[in-house]
Amino acid sequence: MSNAFLEPVGSAFVMPERTTVTSHAAGWCVSFPGKVAVVDAAFDRTLFTAEFEGCGSSSVSDALDYVAVSLRDRAQLRSPNGSIVWEFRHDGWPEWGTGSAYWDSATETFAFTQPGEDSDRWCLVREGIVVETVELTGLTAGGSHVSRSRSGYLGLSMGAGQDGCAVYWVDPSRLGEQPNPLVYDEEVVLDVGHDNSIVTLTHEMNVMRVRSALASEPISISSDEIDSSVDEFEPFQWVIGTEDGLVTCVGDEELRIFASDTADLGSWTKIEAPDELGTDTFLVGGLNGSCVSYDWPSGVVRLWRVV
């Protein structure tokens, strides 16, 4: 791998403030308050767009047929023209939370999180009926759904807030008949841009775990094991997948980037990052060696290619 691992593709462009970008089967999913869009891998064409009232979280299905929206007091399934297909109202998230929602096209399953008094719940809906409910650890409020197309399982990764975190996995084709969900306790899933492995961070954010399959034993490495310049308990900031392995960013104020080209995470090389990757910039891996960086406070987005 080259010591300069990213090459810019075109010029940076400015999206609305608080824009986030995630990888999508059709390219990239771009979200900001009140709107979500899917664009192709080159950011040349908009493939799907939907608007909704309020500030919430949203996700667009891989098949581009529906958008799932979680607002402060309701979860909605919307068609591309914005009409509400199905809606569930609840008592409302706390001021700092919006929950999460997802539509799985393959099994026609709508999944969303619902707030509770002592613990929140993960609800899975088929044909407008809640057919399975999973009790979640504590009060979660945040988090995001994770699609695992290779295994067919649907995941819910609950964020690393003060109440802890966990990842729950269910088989949406067996709703109502499966045993308890598979749980990664005190872990969060990272979007690394490929389906060859499942990459998570522990609640403290300083230990990375990589699994080759959903239920396999993970390989773990702490941030200070990567390089002598990294102090104990320094967090991982982001991880992306490449053809050779993984690239990760470590640190709080001083960000350092390392690449691994081995499956056992035992060998890492420090590499140079472009000046545009600042402390507020998040890097997301996509298909065919592409990456997107976005700066959440300013809305600056840039497309990259891994070299």
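For the structure itself, look to the data block above.
Worth saying up front: this structure is predicted, and the values here are computed from it rather than measured.

Right, let's get into the packing of aromatic side chains. All chains considered together, the criterion is met by 10 aromatic pairs. Note on F13 and F43: the rings are 5.1 Å apart at their centroids and 55° apart in plane angle, and the pair reads as tilted. With F13 in strand 1 (residues 6-14) and F43 in the loop between strand 4 (35-39) and strand 5 (46-51), this residue pair connects regions lying 30 residues apart in the sequence. Residue F13 is classed as partly exposed on the basis of its relative accessible area, which comes to 26%. Judged by relative accessible area, which is 18%, F43 ranks as buried. Taken together, a centroid distance of 6.4 Å and an interplanar angle of 25° make the contact between W28 and F43 stacked. Highlighted residues: W28 in strand 3 (residues 27-32) and F43 in the loop between strand 4 and strand 5, separated in sequence by 15 residues. Summarising the burial analysis for this pair, W28 and F43 share the class buried. An aromatic cluster is defined as three or more aromatic residues linked by ring pairs; in this entry it consists of W86, F88, F110 and F112.

Let us look at the environment of A26. Along the chain, A26 falls in the loop between strand 2 (20-24) and strand 3. With 260 residues separating them in the primary sequence, A26 and G286 have C-alpha atoms 10.0 Å apart. A26 has contacts with V38, V39, D40, A41, L47 and L64, leaving out every residue within four places of it along the chain.

On the basis of which strands lie adjacent, the open sheet formed by 4 strands has the order 1-28-27-26 and antiparallel pairing. Each edge of the sheet is formed by a strand with only one pairing partner; in this case those strands are strand 1 and strand 26 (281-285). Within the sheet, the average angular offset between the axes of one strand and its neighbour, ignoring direction, is 20°. Two strands pair when backbone bridges link them, and strand 27 (residues 290-295) and strand 28 (residues 300-306) are joined in this way by 5 bridges, in the antiparallel orientation.

Right, let's get into the pattern of salt bridges. What the rule picks out here adds up to 8 salt bridges. Notably, a salt bridge pairs E87 with R74, separated by 3.9 Å at the nearest N-O pair. Taken together, the positions of E87 in strand 9 (residues 84-89) and R74 in strand 8 (residues 74-78) put the pair 13 residues apart, joining distant regions of the chain. Relative accessible area serves as the criterion here: at 29%, E87 is assigned to the partly exposed category.

Core analysis: the biggest nonpolar cluster contains 18 residues, and V199, M208, I226, V239, L246, L265 and W268 have the highest contact counts within it. At the level of secondary structure, the elements contributing two or more residues to this core comprise strand 19 (198-202), strand 20 (207-211), strand 22 (236-241) and strand 23 (246-250). F5, I240, V247 and A259 belong to the second-largest nonpolar core, a separate cluster that totals 14 residues.

For S223, the location among the structural elements is in the loop between strand 21 (219-222) and strand 22. With residues up to four places along the chain from it excluded, the contact list for S223 reads N206, V230, D231, F233, E234, F236 and V250.

Attention now goes to the sheet that holds strand 11 (residues 109-114). Read across the sheet, 4 strands follow the order 10-11-12-13 without closing on themselves; strand pairing throughout is antiparallel. Only two strands of the sheet have a single partner each, and these edge strands are strand 10 (101-104) and strand 13 (129-135). Strand-to-strand, the axes of this sheet are offset by a mean angle of 20°, without reference to chain direction. Where strand 12 (residues 121-126) meets strand 13, 6 bridges bridge the pair, whose relative direction is antiparallel. Looking at the pairing, W122 lines up with V134 of strand 13.

The rules we used
- Residues numbered from 1 in each chain as written.
- Predicted model: local features only at pLDDT ≥ 70, side-chain atom pairs only at ≥ 80, totals over all residues.
- Heavy atoms only, no water.
- Phe/Tyr/Trp six-rings, centres within 6.5 Å; stacked < 30°, edge-to-face > 60°.
- Helix = DSSP H or I, 4+ residues; strand = E, 2+ residues; numbered from the N terminus.
- Buried < 20%, exposed > 50% of the residue type's maximum accessible area, 1.4 Å probe, protein only.
- Contact = heavy atoms within 4.5 Å.
- Pairing = 2+ DSSP bridges.
- Axes fitted to C-alpha atoms, helices over the stretch in contact; angles between N-to-C directions.
- Salt bridge = Lys/Arg side-chain N within 4 Å of Asp/Glu carboxyl O.
- Core = buried A, V, L, I, M, F, W, Y, C linked by side-chain atoms within 4.5 Å.

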